[in-house]
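Structure assessment
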Amino acid sequence: KQEVTQIPAALSVPEGENLVLNCSFTDSAIYNLQWFRQDPGKGLTSLLLIQSSQREQTSGRLNASLDKSSGRSTLYIAASQPGDSATYLCAAPPSNTGKLIFGQGTTLQVKP
Amino acid sequence: DVKVTQSSRYLVKRTGEKVFLECVQDMDHENMFWYRQDPGLGLRLIYFSYDVKMKEKGDIPEGYSVSREKKERFSLILESASTNQTSMYLCASSPLGQKGIAEAFFGQGTRLTVV
């Protein structure tokens, strides 16, 4: 059964730092891995989707990598800004059905 | 842009009431999902649907039912609301794509309080 873990649960950094958020999964036979952002009291916004055949995806200051052999994905945020403060969740489907198994999330605070 | 719209941002209902949460997507996606999100428990799948009139139970279906009469609309029904159903409810949709392609999109969430 697929399990997804995110450590740490919370992270606080000064503005301008480059940072890495971690996501681990137990079953390497994943179909894809998706990163989301959630602002307090809001829904989830899709940031990046990495297919199982890919090693990384980039969107602006965000870069997500996928290493199936080690069961890890990382979300790299370059030159962090206070507006990046949010909870970041990773999720993987256990099959090609679209159902997602979520990590618990990492709450990021970027201080001005 | 894909849009998933949930009918209410906030709802307050009384114990025992029948509650309907509505979700509409505008991208002709085959798959639709209802999750609930609770502090310390994360997101958990309640029900999902692959097609019109088709539904399957997720991890926590007890106390809920769903309806999908049209492809774009997926409703979550709380048959008799209870205080332990106070939660954030999130609807999502994704296409029935090729392996690994199915990106999920979420609505803005409905914060339900049962008193």
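Note that the structure is a prediction, hence the values are computed from the model and not measured.

1. Topic: the sheet that holds strand β1 (residues 4–6) of chain B
All names here are of chain B. Spatially, 4 strands are ordered β1-β3-β8-β7 in an open sheet, and the strand pairing comes out antiparallel. Two strands lie at the open edges of the sheet, namely β1 and β7 (64–70), each paired on one side alone. The average angle at which neighbouring strand axes cross in this sheet is 20°, direction not considered. Relative to strand β8 (residues 73–78), β7 runs antiparallel, the two being bridged by 5 bridges. Along β8, the bridge assignment pairs lysine 70 with arginine 73.

2. What about the nonpolar core?
Leu21, Leu33, Trp35, Leu75, Ile77, Tyr88 and Leu108 of chain A are the most contacted members of the largest nonpolar core, which totals 22 residues. Of all the elements in the fold, those that place two or more residues in this core are β3 (19–25), β4 (32–38), β5 (44–51), β7 (62–67), β8 (72–77), β9 (86–92) and β11 (106–111) of chain A. Not counting residues within four places of it along the chain, the set of residues in contact with isoleucine 77 of chain A comprises Glu17, Asn18, Leu19, Leu21, Arg61, Leu62, Asp84, Tyr88 and Leu108 of chain A. In this structure, Val4, Tyr47, Leu112 and Val114 of chain B belong to the second largest nonpolar core, which totals 20 residues.

3. Quick notes on the interface of chain A and chain B
Taken together, the contacts link 19 residues of chain A with 25 residues of chain B. Interface of chain A and chain B: buried area, both sides summed, is about 1,800 Å²; carbon and sulfur atoms make up 56% of it. Considering only the surface of chain A that becomes buried against chain B, Leu44, Lys99 and Phe102 of chain A emerge as the three largest contributors, covering 22% of it. Where chain A touches chain B, the interface holds 0 salt bridges. For the interface between chain A and chain B, the tally reads 6 residue pairs in polar contact (both at pLDDT 80 or more). Elements that contribute at least two residues to the side of chain A that touches chain B include exactly β4 and β5 of chain A. Of the residues belonging to the side of chain A that touches chain B, the class tally is 7 nonpolar, 10 polar and 2 charged.

Cut-offs and rules
Position labels on residues start from 1 in each chain and follow its written sequence. Chains and ligands are labelled sequentially in the order written, the chains with letters from A and the ligands with numbers from 1. Under the rules for a predicted model, residues below a pLDDT of 70 receive no local features and side-chain atom pairs below 80 are neither given nor counted, while totals for whole chains, interfaces and linings still include all residues. The side-chain figures draw on all heavy atoms in the structure; neither hydrogens nor water molecules are used. A pair of strands is treated as paired once DSSP finds two or more bridges between them. Runs of E in the DSSP output that reach at least two residues are strands. Runs of H or I that reach at least four are helices, and both are numbered from the N terminus. Only the stretch in contact is used when fitting a helix axis, every axis being a line fitted to C-alpha atoms; angles between N-to-C directions are given from 0 to 180 degrees. To qualify as a nonpolar core, a set must consist of buried Ala, Val, Leu, Ile, Met, Phe, Trp, Tyr and Cys residues joined through side-chain atoms within 4.5 Å. Summary of the burial criterion: residues with accessible area below 20% of their type's maximum are buried, those above 50% are exposed, and those between are partly exposed, where the area comes from a 1.4 Å probe applied to protein chains only. In what follows, residue pairs with any heavy atoms lying within 4.5 Å of each other are defined as contacts. Throughout, buried area stands for the accessible area (probe radius 1.4 Å) lost by two parts on being put together, summed over both. Salt bridge, as used here, is a side-chain nitrogen of Lys or Arg placed within 4 Å of a carboxyl oxygen of Asp or Glu. For the purposes of these results, a polar contact is taken to be a pair of N or O atoms within 3.5 Å, where, inside protein, one atom must be able to donate a hydrogen and its partner to accept one; residues adjacent in sequence count only when each atom of the pair is a side-chain atom. Under the convention adopted here, Pro, Cys and the residues Ala, Val, Leu, Ile, Met, Phe, Trp and Tyr are nonpolar, Asp, Glu, Lys and Arg are charged, and Gly plus all remaining residues are polar.

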